[in-house]
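An overview of the molecular structure
Residues per chain are reported as follows:
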Amino acid sequence: MNSFTDLYGHAPEGEWAAPGRVNLIGEHTDYNGGFVLPIALPQTVRAQARRRPDGLLRLWSAQGKGPVRELSVAELAPGAVPGWVAYPAAVVWALREAGYEVGGADLRLDSDVPSGAGLSSSAALECAVAAAYNDLYGLGLSAPDLALIAQRAENAFVGVPCGIMDQMASMCCREGSALYLDSRDLTGRQVPIDLTGAGLALLVIDTRVKHDLADGAYAALRAGCERAAALLGLPALRSLAPSDLPASLPRLPDELRPLVRHVVTENARVETAVAHLDTGDLTALGPVLTAGHASLRDDYRVSCPETDLAVEAAVTAGAHGARMTGGGFGGSVIALVDAPRAPHVATAVTTAFRHAAFTPPHTLTATPAAGARRLS
Ligand code: GLA
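As the structure is a prediction and not an experimental result, all values here were calculated from the model.

What follows is about the site of the ligand. Taken together, 13 residues are adjacent to the ligand, and Glu27, His28, Asp30, Asp166 and Tyr218 come closest. Here an oxygen atom of the ligand and a backbone polar atom of Gly163 are 2.9 Å apart. When the ligand is considered free in solution it has 310 Å² of accessible area, and contact with the protein chains removes 99% of it. Residue classes in the shell around the ligand are distributed as five nonpolar, four polar and four charged. The two domains that each donate at least three residues to the shell around the ligand are domain 1 (4–191) and domain 2 (193–366).

What follows is the structure, encoded as structure tokens:
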């Protein structure tokens, strides 16, 4: 019915996949030049694609459910394209802005990354299209270069001032590892994380509270961090260590102090988490996660009643630790649990939600999966 050939009358030249992500720790640190530690999810966006010689970009999405959409590549402009179509269009626009003479394509998109759940379905969409264009048009761009193109697409075309974490996770993660990334210069390393070997599971609890990074709160937080760095005479808050806080915080207006405290302590938590992974002490990650959640709730103030309740219920039911993941204001919570207790913890969270009259959460189990790749 809606195969590529049905839609476009010819076969695709190939198919590419790019995953969603959960961030283990390091939230709201990327745009402060700090550390993050995401894993890629097994859930991906798949893009089947074929070049077109006439400069048209034709798009169809299994989730969008509408007819094929058609845009002229030469006429793409920020702000002019609404809805999901903006994300693939943005990538093509960003490639051309960067000087790559790419043309049109037929694209068929399909996804099993839950959208609006803080699991980076948008970045996965951007990265799948970026990977397809890179191969089809022979651009030879590296995975980090493609992540930067995707971020530019989202910042300048879609209008979301996101950092680099989601796109780097989707492009660069490897199966069985977390990506320990220094957002200041995009250096980093893969850190093996064998959850199964340690008898553990990572639950992802989608609270079903839709977050929307474009709504201004994210931009306001980012601006607050940049203002604090400027007041302290620093290029970015990354330059501060926890031992600098007693001298630095009093130099800032009251409203900026908790933001700075979160960013600085969160960077330290990423380093602690990596040290635990390096020594194979995976359960020691738990309290680091829970401390990260408290900081996001009390200092950064991006949690909500649903994420707070999911964390509390998971920990009460025996999780080693739990925290919201992603930008916040809803989205998903991760919980590190002993594998045999995973169903019990999931049920405990669902029960707590029922008692609070919240929408029932969706739960899945995350295993560290591969980044963007060509499938055929
Ligand atoms: C969103 C953004 C990321 C990052 C997180 C918070 O996912 O896209 O760049 O800032 O929020 O850590």
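Take the pairing of strand S6 (residues 104–111) next. Counted residue by residue, S6 has seven buried out of eight residues, so it is predominantly covered. Where strand S3 (residues 38–52) meets S6, eight bridges bridge the pair, whose relative direction is antiparallel. Across the sheet, Ala49 pairs through a bridge with Leu107, a residue of S6. Two elements, strand S4 (residues 56–61) and S6, share five bridges in a ladder whose sense is parallel. Pairing of Leu57 across the sheet is with Ala105, part of S6.

Here we come to the packing of helix H3 (residues 121–136) against helix H5 (residues 165–172). Contact pair H3 / H5: the axes reach a minimum separation of 9 Å and the direction vectors enclose 55°. Between H3 and H5, the interaxial angle falls into the category oblique. Of the two elements, H3 crosses H5, and the hand of that crossing is right-handed. In this structure, H3 uses Ala123, Ala124, Glu126 and Cys127 to contact H5, whose residues at the interface are Asp166, Gln167, Ser170 and Met171. Split by residue class, the contact of H3 with H5 holds four nonpolar, two polar and two charged.

On to the sheet that holds S3. Hydrogen bonding along the main chain pairs the strands of a sheet, whether they run parallel or antiparallel. Taken together, the six strands give an open sheet; going across it, the order is S5-S4-S6-S3-S1-S13, and neighbouring strands pair in mixed fashion. Two strands bound the open sheet, and with one partner strand each, they are strand S5 (69–72) and strand S13 (373–374). Contacts between H3 and the sheet are confined to strand S1 (14–23), S3, S4, S6 and S13, with S1 contributing the most and set at about 145° to the helix. Where H5 meets the sheet, it contacts S1 and S3, and its direction lies at approximately 130° from that of S1.

In this section: the pattern of salt bridges. All told, the structure shown has 18 salt bridges when counted by the stated rule. A salt bridge links Arg21 to Asp166, with the nearest nitrogen and oxygen atoms 2.9 Å apart. You can see Arg21 sitting in strand S1 and its partner Asp166 sitting in helix H5, a full 145 residues away along the chain. As far as the burial class goes, Arg21 and Asp166 line up, both buried. With its nearest N and O atoms 2.7 Å apart, the salt bridge here joins Asp278 to Arg189. A residue pair is termed long-range when its members are at least 10 positions apart, and Asp278 in helix H8 (residues 257–278) and Arg189 in strand S8 (residues 187–192) qualify at 89 residues.

Now for the sheet that holds strand S9 (residues 200–206). The strand order across the open sheet built from four strands is S10-S11-S9-S12, with neighbouring strands paired in antiparallel fashion. The two strands at the open ends of the sheet, each matched to only one other strand, are strand S10 (321–325) and strand S12 (362–366). Taking each pair of neighbouring strands and ignoring which way they run, the sheet shows an average axis angle of 25°. Pairing between S10 and strand S11 (residues 332–338): five bridges, direction antiparallel. Looking at the pairing, Arg323 lines up with Ile334 of S11. In this fold helix H11 (residues 342–355) packs onto S9, S11 and S12, with an angle of close to 20° to the strand it touches most, S9.

Before going further, it helps to examine the environment of Leu296. Relative to the assigned elements, Leu296 resides in helix H9 (residues 285–300). Residues Leu296 and Trp84, spaced 212 residues apart in sequence, show a C-alpha to C-alpha distance of 29 Å. Apart from residues lying up to four places away in sequence, Leu296 is in contact with Glu27, His28, His262, Arg301, Val302, Ser303, Arg323 and Met324.

Core analysis: the biggest nonpolar cluster contains 83 residues, and Leu37, Leu57 and Leu202 have the highest contact counts within it. Sorting elements by how many residues they give to this core places H3 first, with ten residues. The two domains that each donate at least three residues to this core are domain 1 (4–191) and domain 2 (193–366). Every residue in contact with Leu37, bar those within four places of it in the chain, is listed here: Asn23, Leu24, Ile25, Ala178, Leu179, Tyr180, Val270, Ala273, Val274 and Leu277.

This next bit is on the domain arrangement of the protein. Domain boundaries assigned for the protein yield domain 1 (4–191) and domain 2 (193–366). Spacing between the C-alpha centres of domain 1 and domain 2 amounts to 25 Å. Taken together, the contact pairs 38 residues of domain 1 with 44 residues of domain 2. Taking both sides of the interface into account, the surface hidden between domain 1 and domain 2 amounts to around 3,400 Å²; carbon and sulfur atoms contribute 63%. Here domain 1 is connected to domain 2 by three salt bridges. Linking domain 1 to domain 2 there are 22 residue pairs in polar contact (both at pLDDT 80 or more). For the side of domain 1 that touches domain 2, the secondary-structure elements that each account for two or more residues are S1, strand S2 (35–36), S3, strand S7 (177–182) and S8. At four residues, S7 tops the list of elements feeding residues into the side of domain 1 that touches domain 2. A class-by-class count of the residues in the side of domain 1 that touches domain 2 yields 18 nonpolar, 14 polar and six charged.

Definitions and cut-offs
- Residues numbered from 1 in each chain as written.
- Predicted model: local features only at pLDDT ≥ 70, side-chain atom pairs only at ≥ 80, totals over all residues.
- Heavy atoms only, no water.
- Near = heavy atom within 4 Å.
- Polar contact = N/O pair within 3.5 Å; in protein donor to acceptor, adjacent residues only side chain to side chain.
- Areas by Shrake-Rupley, 256 points an atom, 1.4 Å probe, with all protein chains shown as cover.
- Nonpolar A, V, L, I, M, F, W, Y, C, P; charged D, E, K, R; others polar.
- Domains from an automatic or database assignment.
- Buried < 20%, exposed > 50% of the residue type's maximum accessible area, 1.4 Å probe, protein only.
- Helix = DSSP H or I, 4+ residues; strand = E, 2+ residues; numbered from the N terminus.
- Pairing = 2+ DSSP bridges.
- Axes fitted to C-alpha atoms, helices over the stretch in contact; angles between N-to-C directions.
- Parallel < 35°, antiparallel > 145°, perpendicular 65-115°, else oblique.
- Left-handed = near helix turned anticlockwise from the far one by under 90°.
- Contact = heavy atoms within 4.5 Å.
- Salt bridge = Lys/Arg side-chain N within 4 Å of Asp/Glu carboxyl O.
- Core = buried A, V, L, I, M, F, W, Y, C linked by side-chain atoms within 4.5 Å.
- Buried area = accessible area lost by both parts, 1.4 Å probe.

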